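Overview (structure and organization)
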Amino acid sequence: MAIVELQDVHKVYPLGKTEVHAVQGVSSQIQKGDFISIAGPSGSGKSTILNMLGCIDVPTDGSVIIDDVDTKDLSDKQITELRHRFIGFIFQSFNLIPVLNVYENIEFPLLLGKEKVSRGEKSDWINYLIEEVGLADWRNHRPNELSGGQRQRVAIARALVAKPQVILADEPTANLDSKTGEQIIELMKKVNRDQETTFIFSTHDPTIVGIADHIIRLQDGKIVHEERREK
Ligand code: ADP
Ligand code: ADP
């Protein structure tokens, strides 16, 4: 059973007196545990698709099915709840909070949610994530004291803290040198293997596309190639 499904999804943006057809009839089935690269040149619709998968944008036509539910049928409140429970986000600009240290940035999503976890359990889990992403010595440092790669590691731990089923990452390596970018993707792959978290990331870096086990290639808002490989 697919964990996420796109059914003939279209997205049209008004642009002055005309329109932009950003996504034109995209269908795909995403299985639990997939490690998916959405590849394609700038303007091909990658961000628009990720935004619709993350329920921060809605299709003009077609359906986004998440966990067997058509997101069209959900209220705003249910969408917010689904997003908190099910989806984690990683952005290319990291979006860390400058006045909070590494631990506090990772903890932040838990302060917004309703998760009932005890203090001890919570700090054990956050400290485990900090170890996993290799930042044990940086726990009390703020983002401006970290390198780009370290900041992206914080963003990955923060995306994982609420134990989402699916992590969406919009060009997670765009602001990193290629070696650091590969390390970040390897880290995402490790989490994907260990926790069976589904990862969907956009990129136009061919070496990073190669690590994926499911590749969706876009051009002008359409899928021009889709490939599934042995995990
Ligand atoms: P990227 O290649 O990193 O996706 P883009 O410049 O294509 O960068 O888009 C970044 C974001 O800016 C998009 O997700 C979208 O929300 C917004 N955007 C892109 N093009 C337009 C546009 N023509 N008008 C308004 N917003 C846009
Ligand atoms: P990519 O992420 O592959 O760079 P996007 O999904 O950002 O592509 O954009 C796809 C197309 O939709 C582009 O032509 C872009 O300019 C346009 N677009 C994206 N967001 C908006 C928006 N908010 N308003 C108008 N046009 C947009």
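Right above here is the structure, for reference.
The structure displayed is predicted, hence computed values, not measured ones.

Moving on to the sheet that holds strand S2 (residues 18-31). Spatially, S2-S1-S4-S5 is the arrangement adopted by the 4 strands of the open sheet, whose pairing is antiparallel. Of all strands in the sheet, those bounded by a partner on one side alone are S2 and strand S5 (69-70). Of the pairings in the sheet, the one linking strand S1 (residues 2-15) to strand S4 (residues 61-66) comprises 5 bridges and is antiparallel in character. The residue of S4 that forms the bridge with His-10 is Asp-61. Lying on the sheet, helix H1 (residues 46-53) is in contact with S1, S2 and S4; it crosses S1 at an angle near 125°.

Turning our attention to the nonpolar core. Counting residues in each nonpolar core, the largest one holds 37 residues, and the members touching the most others are Ile-106, Met-188 and Phe-201. Contributing elements (two or more residues each) for this core: strand S3 (35-39), helix H3 (102-112), helix H4 (119-132), helix H5 (148-160), strand S7 (166-170), helix H6 (178-195), strand S8 (198-203) and helix H7 (206-209). Not counting chain neighbours up to four residues away, the residues in contact with Ile-106 comprise Ile-126, Leu-129, Ile-130, Val-154, Ala-157, Arg-158 and Val-161. Judged by nonpolar contacts, the second largest core, of 26 residues, contains Val-23, Met-52, Leu-53 and Phe-89.

Here the focus is the sheet that holds strand S9 (residues 214-219). What the 6 strands build is an open sheet, ordered S6-S7-S8-S3-S9-S10; its pairing is mixed. Because the sheet does not close on itself, it has two edges, and the strands there are strand S6 (87-91) and strand S10 (222-228). Looking at each pair of strands side by side, their axes are set apart by 15° on average, direction ignored. The strands touched by H5 are S6 and S7; relative to S6, the strand with the most contacts, the crossing angle is about 170°.

Let's shift gears to the site of ligand 2. As a structural note, the neighbourhood of ligand 2 is formed by Tyr-13, Val-20, Ala-22, Pro-41, Ser-42, Gly-43, Ser-44, Gly-45, Lys-46, Ser-47 and Thr-48. Interatomic distance of 2.5 Å between a side-chain N/O atom of Thr-48 and an oxygen atom of ligand 2. Mapped by element, the contributors of at least two residues to the shell around ligand 2 are S2 and H1. At 3 residues, H1 tops the list of elements feeding residues into the shell around ligand 2. Taken together, the residues of the shell around ligand 2 break down into 4 nonpolar, 6 polar and 1 charged.

Scoring rules and cut-offs
- Residues numbered from 1 in each chain as written.
- Chains lettered and ligands numbered in written order.
- Predicted model: local features only at pLDDT ≥ 70, side-chain atom pairs only at ≥ 80, totals over all residues.
- Heavy atoms only, no water.
- Pairing = 2+ DSSP bridges.
- Helix = DSSP H or I, 4+ residues; strand = E, 2+ residues; numbered from the N terminus.
- Contact = heavy atoms within 4.5 Å.
- Axes fitted to C-alpha atoms, helices over the stretch in contact; angles between N-to-C directions.
- Core = buried A, V, L, I, M, F, W, Y, C linked by side-chain atoms within 4.5 Å.
- Buried < 20%, exposed > 50% of the residue type's maximum accessible area, 1.4 Å probe, protein only.
- Near = heavy atom within 4 Å.
- Polar contact = N/O pair within 3.5 Å; in protein donor to acceptor, adjacent residues only side chain to side chain.
- Nonpolar A, V, L, I, M, F, W, Y, C, P; charged D, E, K, R; others polar.

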